[in-house]
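# Observations on the model geometry
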Amino acid sequence: MEMRDSYYLTLSYCPGIGPVTFDLLCNHFGSVEEILKAPLQELSRVIGSNLARQLVSFRSSFDSEKVLQSLAKQQVTVLTREHSSYPPQLAQLSDAPICLYVKGAISNFDWTSELFIGVVGTRKPTEYGTQITRLLSRELAQAGTIIVSGLALGVDALAHQEAVQAGKKTIAFMGCGVNVIYPSANTHLYHRILETGGLIISEFPPDALTLKGHFVARNRLISGLSQGVLITEGLLQSGALITARYALAQGKDVFAPPAPITSDFSGAPNLLLKEGAILVTEVNDILREYGKDKSRTTSSQDISSLTHEERTLYQLLKQESFTSDDLARSLNISVSELLPLLSSMELSGLIQRNEIGKYQIGVA
């Protein structure tokens, strides 16, 4: 790492110095080097006496070389704004991160030619939200799209899971340091993302703990890297809606599926659709915006080869998910007669069971 990079690192680690304050200092002093040489009195005129004293104290004790050695041992890469691998999409933000801390192989990604789509939503998705998040995320990943999200519970985790289950790379932006796995329930997913060639990224130093404001800051990076953002479910006051607002302010596309008006969790996508978001009823509604239309994964030949009972069952599941008991009643047959049909269609990938044991159309 060059000396200038160590200056960036120092300012990134310094408490109270965020992107906006960093830019204020750079505009006044002309370079990161001059910021770290500036006398207290001059710094005070720019950022106030309290923060100036904090910066002077911090820069005198911060050992950038020792920190870099520690980060290297932890396999954390530091990207300053001047680094060749710093994503240009994020460099263009008005509040671009001072540094990005990255776990994973950055060389696996081409920031300028690949399609990045953010997928975000509620931490408590409904059965409907779970199904459409899985379906659209899986098909986006299969089409070569890079899923970008925040590793939160719910929609974020579902989107990342579909990518890694398809053997595809995905990117998770953290609201804490990259060495802090939050929430802990996603520990396995965190490691699977790295194992499948993905990245864990944060603008916060690696051991930084979670703070409420960090998640809002993280949201702007999800939308900032992505060409478009898909909001599958969320309340009107949700963080997903904040991400959508960032996307719109950044000139990015916003996508939303139609959602049941009886559900509070449909508030965010339905509001966005009213405001002009792109309606999504299939993955091609997203891919078409970027010239990447994809053939449907279930062909008409697959359906035409089914028996009458299987076709009837398939059409039922296209409407909503059912338990085996519900399906048996709808088809007016016994559960013992139904199970062979379900097993055959499940093996073929046409249907699958979701997290609560109901059958639904397969998303693979």
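In this text, all values refer to a predicted model and were calculated from it rather than measured experimentally.

Before going further, it helps to examine the layout of surface pockets. Space inside the second largest pocket adds up to approximately 420 Å³. When residues in the lining of the second largest pocket are grouped by element, the largest group, six residues, is from helix α11 (residues 212–225). Here the residues of the lining of the second largest pocket are counted per class, giving nine nonpolar, seven polar and five charged.

With that out of the way, let us pick up the environment of isoleucine 132. By secondary structure assignment, the location of isoleucine 132 is in helix α8 (residues 127–142). Isoleucine 132 sits 23 residues away from valine 155 along the chain, and the two C-alpha atoms are 9.8 Å apart. What isoleucine 132 contacts, discounting residues up to four positions off in sequence, is Thr232 and Pro257.

Here the focus is the packing of aromatic side chains. Inspection of the entire model under this criterion finds eight aromatic pairs. Where tyrosine 13 meets phenylalanine 62, the ring centres are 5.2 Å apart and the plane angle is 40°; that geometry is what we call tilted. One end of the pair, tyrosine 13, is in helix α1 (residues 3–13); the other, phenylalanine 62, is in the loop between α5 (49–61) and α6 (64–73), with 49 residues separating them in the sequence. A ring pair is formed by phenylalanine 58 and phenylalanine 62, whose centres lie 5.1 Å apart and whose planes are at 25°; its orientation type is stacked. Taking the relative accessible area as the measure of exposure, phenylalanine 58 reaches 18% and is therefore buried.

Right, let's get into the sheet that holds strand β5 (residues 170–173). Pairing in this open sheet of nine strands is mixed, and the strands run β1-β2-β6-β5-β4-β3-β7-β8-β9 from one edge to the other. Edge positions in the sheet fall to β1 (77–80) and β9 (278–279), since each of these pairs with one other strand and no more. Here four bridges tie strand β3 (residues 116–120) to strand β7 (residues 228–231), and the two strands are oriented parallel to one another. Pairing of glycine 118 across the sheet is with valine 229, part of β7. Here helix α10 (residues 187–195) sits on the sheet and contacts β2 (99–103), β5 and β6 (199–202); the angle it forms with β6, its principal contact strand, is near 110°. Lying over the sheet, helix α12 (residues 239–249) contacts β3, β7 and β8 (253–256), oriented at roughly 155° with respect to β7.

This next bit is on the packing of helix α9 (residues 155–165) against α10. Contact pair α9 / α10: the axes reach a minimum separation of 10 Å and the direction vectors enclose 40°. With respect to α10, the axis of α9 lies oblique. Like other packed secondary-structure pairs, α9 and α10 cross with a definite hand, here left-handed. Contacts between α9 and α10 involve Ala157, His160, Gln161 and Val164 from the first element and Leu189, Arg192 and Ile193 from the second. Across the contact of α9 with α10, the residue classes break down as four nonpolar, two polar and one charged.

Two cysteines, two sulfur atoms, one covalent bond between them: this is a disulfide. A complete count under the given rule lists zero disulfides for this structure. A disulfide-free cysteine, cysteine 26 has its sulfur positioned 11 Å from the sulfur of cysteine 99, the nearest such atom. Taking the relative accessible area as the measure of exposure, cysteine 26 reaches 18% and is therefore buried.

Parameters and conventions
- Residues numbered from 1 in each chain as written.
- Predicted model: local features only at pLDDT ≥ 70, side-chain atom pairs only at ≥ 80, totals over all residues.
- Heavy atoms only, no water.
- 1 Å grid on protein atoms, 1.4 Å probe; cavity = no way out; pocket = protein on both sides within 12 Å on 5 of 7 lines; lining within 4 Å.
- Points joined across faces, edges and corners; volume = space filled by probe spheres on them.
- Helix = DSSP H or I, 4+ residues; strand = E, 2+ residues; numbered from the N terminus.
- Nonpolar A, V, L, I, M, F, W, Y, C, P; charged D, E, K, R; others polar.
- Contact = heavy atoms within 4.5 Å.
- Phe/Tyr/Trp six-rings, centres within 6.5 Å; stacked < 30°, edge-to-face > 60°.
- Buried < 20%, exposed > 50% of the residue type's maximum accessible area, 1.4 Å probe, protein only.
- Pairing = 2+ DSSP bridges.
- Axes fitted to C-alpha atoms, helices over the stretch in contact; angles between N-to-C directions.
- Parallel < 35°, antiparallel > 145°, perpendicular 65-115°, else oblique.
- Left-handed = near helix turned anticlockwise from the far one by under 90°.
- Disulfide = S-S within 2.5 Å.

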